[in-house]
Amino acid sequence: MAIIFDSTSRLFTLTTNHSMYQMKADRYGVLLHTWFGMKGSAFDYSYRIAYADRGFSGNPYDAGDDRTYSLDVLPQEFPTYGSGDYRSTALKVRYPDGTSACELRYLKHEIQEGKYSLPGLPAIFTSLDEGRTPADTLIITLEDTRRRFFVHLYYGVMEDLDIITRAVCVENHSDEDIYLENIQSVCIDYLYGDYDLHTFYGRHVKERSCQRTPVVHGIHSVGSTRGTSSHQYNPFLILSGRDATEETGSCYGFSFLYSGDFIGSAELDQYDQTRLLLGIHPDNFCYCVKPQERFYAPEAVMAYTEHGLNELSHIFHRAYRRHLCRGIWTTKRRPVLLNDWEGVYFDFNGDKLIQMAKDAAELGVELFVMDDGWFGKRDLDVSGLGDWSVNEKKLGCTLKELSDRIHDLGLMFGIWFEPEGINEDSDLYRAHPEWAMRIPGKSPTRSRQQLLLDFSREDVRDYIFRHICQVLDSARIEYLKWDLNRSLSDLYSAVLPKERQGEVMHRYVLGLYDMLEKLVTRYPDLLVEGCSGGGGRFDAGMLYYTPQIWCSDDTDAIERLSIQYGTSFGYPVSTMGSHVSHCPNEQTGRITPLNTRATVAMSGTFGYELDVNKMSKDEKRIVRSQIREFKAYYNLIQYGDYYRLTNPDTETAWHGWEFAAEDGSEALLCIVAIQIHPNGPGRWMRLKGLKKDSIYTIDGKRYPGDVLMNSGLLLPVATEEYQSFRIHIAEV
Ligand code: GLA
């Protein structure tokens, strides 16, 4: 059992194979956080807490005249607002009398075999198909000292995966409404230590750049109030020791399984203690919990390793590949696709698509995706969103006819939707303007000249779902791209009373999840790819429904180095939608070799996004061999351990990364020459994940594993700008 409760000291110790987490209900019933980190001896780690009389840090009434006991200083598991802890807190409520001071004390706990799930929300699960992955659940119940209001803290411990999950449920058993103004899913208090906070920031077409800053006094927070997890910041954070590198040092990872507003923060307090919080952003959030009702705060996944950032990523990659992504596509090889978007944009008809599909089939492509522009009146991005009926006039045939012709070529067929979007110039808007998210009497903010539907409303979702099903049922469709092309604003729902308008953002996300759940249940074989103008909703919440997400609208191979590098810290390669596009690149005008575009796209779900009809014979020959190569290396790339070998934002000559089989039997080294210099110095790259005592061959030459890992491989000389190499390393 990974969860041990010592009833004498009321100590909870949670252990995974390599980490440990500990809490203690102390003599006043306050749930203290006593340890998260390296797995050590079974011991009460609360001995580390220094109690002292601290000026201006008050004492709870139950502590009597003990001036050394202060919530302003103590490491706590779920600190609350208003009762003497002046740091950022995990819970702020508003009671019926208008007050907010909340005090929670330990009431009881329950330990269960297996991992909990959460109603209507994504959660890590144990897969049943490959033997049992041990998991246990701990639920600690805290009670409000004033009212019949309870907080259940959920912990999922997955020993072999080295992860611990957290979620929170609040329950109102009083007879009046209680409002939640802030509820965080994770709070970790570190008593001491110098930490760096790693966050992932960006913008449209430049997502998830890494930022590493020391945690200093004050609060450093990142987050989103856009209704999506956003291009700007990602709900994945790392707290590491100052000296942590890819291979060494202690690192904590925190990933939020939520696709809406979030906030992640690190605060260094007056006593040099660090508090890390992660949860729903409070700005657009005020949730009414009615008597006898429950509210669930989304799950967060936590991991610790003392072996550096790469190992931390491996923990998340393994967990997300098999225990977050669901459905047949978790283990079935994903098809190599051709998406028509950058090839033809809105300018196509059925015959044109068939021409593209013909060439694609000859190249070895397996799935043809018709992107935006096939429905309603949609020849530009200014109209038609919401009208999910096939534009047969534009296609020159029915969807079934088109899909049949594509299948006759031996390809699967996929289609684009933006279910949440609506243009004012659409039949749906003309019929139901009140279904769009906008505030009565106020002009809405437009973005890409569109609005969003109020997905918090079941009737709106039902309507859209029905229309999507009609399309999906009308033809053979194996893939669906679920896009969203703007941020939320003008939050308002016509079906909620004024005192519940603060729930709209969260209800929108729950509505999104509800519809995605219905979709994957009704079409279990459908491969759904998430997208939000590229990677604007690239988060672990979406991965529960869509096992891959279009990583970025930037398809430039060199830009992608940094985007995919940043994404790899929290997410596996198998989730990153990545395509070869044409040159000069649409976003940057850069020209890169076709081989390099494939090297980068292969480190993702792999596909093409260009007009294949315009490719030369020679290019087609190269593409054919790229696809063959990708299929040969598929298992290594998708399920192997991914190693970042350099940082493309700081290393100016070469960028390298590697996939190593978990058993160390083979590896694939990928390198891209970012800048070449004639007569330049030699460059070696140290490989990872090999067996030190084994012999490996590279291009017919033999090397011992320890030599490749310690001394490194001498890289070939690049003779062309942006040249890349894929070097296979096989155990003899
Ligand atoms: C978004 C997506 C693109 C494409 C367009 C279509 O920008 O990220 O891949 O689907 O929408 O309008």
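The shown structure was predicted, so the numbers you read here are calculated from the model rather than taken from an experiment. (Residues numbered from 1 in each chain as written. Predicted model: local features only at pLDDT ≥ 70, side-chain atom pairs only at ≥ 80, totals over all residues. Heavy atoms only, no water.)

K.L.:
I'm lost on empty space enclosed by the protein in this one. Help?
P.N.:
In this approach a probe as big as a water molecule rolls over the atoms, and the regions it shows empty are the leftover space. Inspection of the entire model under this criterion finds six cavities of 30 Å³ or more. Quantified by volume, the largest cavity comes out at close to 140 Å³. As for the largest cavity, its lining consists of 15 residues, and the residues nearest its centre are Val 30, Gln 76, Phe 78, Thr 80 and Leu 104. Looking at side-chain class alone, the lining of the largest cavity contains seven nonpolar, four polar and four charged residues. Put simply, the second largest cavity is a space of about 70 Å³. Lining the second largest cavity, in full, are Arg 560, Leu 561, Gln 564, Tyr 565, Val 573, Val 600, Ser 603, Tyr 642, His 655 and Trp 657. (1 Å grid on protein atoms, 1.4 Å probe; cavity = no way out; pocket = protein on both sides within 12 Å on 5 of 7 lines; lining within 4 Å. Points joined across faces, edges and corners; volume = space filled by probe spheres on them. Nonpolar A, V, L, I, M, F, W, Y, C, P; charged D, E, K, R; others polar.)

K.L.:
Would you explain the site of the ligand in this entry?
P.N.:
The local shell around the ligand holds 13 residues, among which Asp 371, Asp 372, Arg 448, Lys 481 and Asp 553 are the closest. Here Arg 448 contributes a side-chain N or O atom positioned 2.9 Å from an oxygen atom of the ligand. Here an oxygen atom of the ligand sits 2.9 Å away from a polar atom, N or O, in the side chain of Asp 483. About the coverage of the ligand: the protein hides 96% of its 300 Å² of free accessible area. Counting atoms within 2 Å of the grid points, the majority share of the ligand lands in the largest pocket. Taken together, the residues of the shell around the ligand sort by class into four nonpolar, three polar and six charged. (Near = heavy atom within 4 Å. Polar contact = N/O pair within 3.5 Å; in protein donor to acceptor, adjacent residues only side chain to side chain. Areas by Shrake-Rupley, 256 points an atom, 1.4 Å probe, with all protein chains shown as cover. Sits in = over half its atoms within 2 Å of the grid points.)

K.L.:
Would you mind showing me how to read the environment of Glu 176 here?
P.N.:
Tracing the backbone shows Glu 176 in the loop between strand 9 (163-172) and strand 10 (178-190). For Glu 176, a relative accessible area of 38% gives the class partly exposed. Leave out the neighbours within four places in its chain, and Glu 176 touches Pro 96, Arg 147, Val 289 and Pro 291. (Helix = DSSP H or I, 4+ residues; strand = E, 2+ residues; numbered from the N terminus. Buried < 20%, exposed > 50% of the residue type's maximum accessible area, 1.4 Å probe, protein only. Contact = heavy atoms within 4.5 Å.)

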